[in-house]
Amino acid sequence: MSYTSSEVKQRWENKAYKKYLVRLREDTDAAIIDYIEQHKEQYGTTEIFRMALEMLMESGEFG
């Protein structure tokens, strides 16, 4: 069986990464959305969420 490079890459990504869907409300999460929009080009959304969650974990706020 022959696979294209995109199929190979997709299989690797499926093994290597865990994906999460984040839904933010335009009205109640406006400040968060604005922050992400202002910084996503510089850091990328994954890094923004990673840094925020690492800070939250270090604070011990949620366990």
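The shown structure was predicted, so the numbers you read here are calculated from the model rather than taken from an experiment.

Novice: Describe the overall build of the protein chain, listing the residues and the values that go with them.
Specialist: Across its full length, the protein chain holds 3 helices and 0 strands. The order of helices and strands in the protein chain, counted from the N terminus, is α-α-α. Here the protein chain has a C-alpha radius of gyration of 16 Å; the compact-globule value for 63 residues is 11 Å, and the former is much larger. In terms of principal-axis extent, the alpha carbons of the protein chain reach across some 50 × 30 × 20 Å. For the protein chain, the exposed area adds up to about 6300 Å²; of that, 54% sits on carbon and sulfur atoms. Positive and negative side-chain charges in the protein chain, numbering 9 and 12 respectively, have mean positions lying 12 Å apart.

Novice: Could you give an account of the environment of threonine 46, naming the residues involved and the relevant values?
Specialist: Within the element layout of this structure, threonine 46 appears in helix H3 (residues 45-59). Sequence separation of threonine 46 and arginine 23 is 23 residues, and the distance between their C-alpha atoms is 14 Å.

Novice: Kindly report on a nonpolar patch on the surface, identifying the contributing residues and their values.
Specialist: Taken together, the side chains of Val22, Leu24, Ile32, Phe49, Leu53, Leu56 and Phe62 present a nonpolar region at the surface, about 640 Å² in accessible area. For the nonpolar patch, the element with the most residues is H3, which contributes 3 residues.

Scoring rules and cut-offs
Residue positions are counted from 1 within each chain, in the order its sequence is given. Confidence filtering applies because this is a predicted model: local features only for residues at pLDDT of at least 70, side-chain atom pairs given and counted only at 80 or more, and all residues used for totals across whole chains, interfaces and linings. To obtain the side-chain values, all non-hydrogen atoms of the structure were included, while hydrogens and water were left out. Helix and strand labels come from DSSP, where a helix needs a run of H or I of at least four residues and a strand needs a run of E of at least two; each type is numbered from the N terminus. In this setup the radius of gyration rests on C-alpha atoms only. A globule is expected at 2.2 Å times the number of residues raised to 0.38. Shrake-Rupley sampling with a 1.4 Å probe provides the accessible areas, and residues are treated as covered by the protein chains on show and by no other component. When charges are counted, neither His nor the chain ends are considered; positive counts come from Lys and Arg and negative counts from Asp and Glu. To locate a charge, take atom NZ for lysine, CZ for arginine, CG for aspartate or CD for glutamate. Residues qualify for a patch when their relative accessible area is over 30% and they have no salt bridge, like charges being joined within 9 Å and the nonpolar side chains of Val, Leu, Ile, Met, Phe, Trp and Tyr within 5 Å. Salt bridge, as used here: a side-chain nitrogen of Lys or Arg that lies within 4 Å of a carboxyl oxygen of Asp or Glu.

That's the geometry; what it means functionally is another story.
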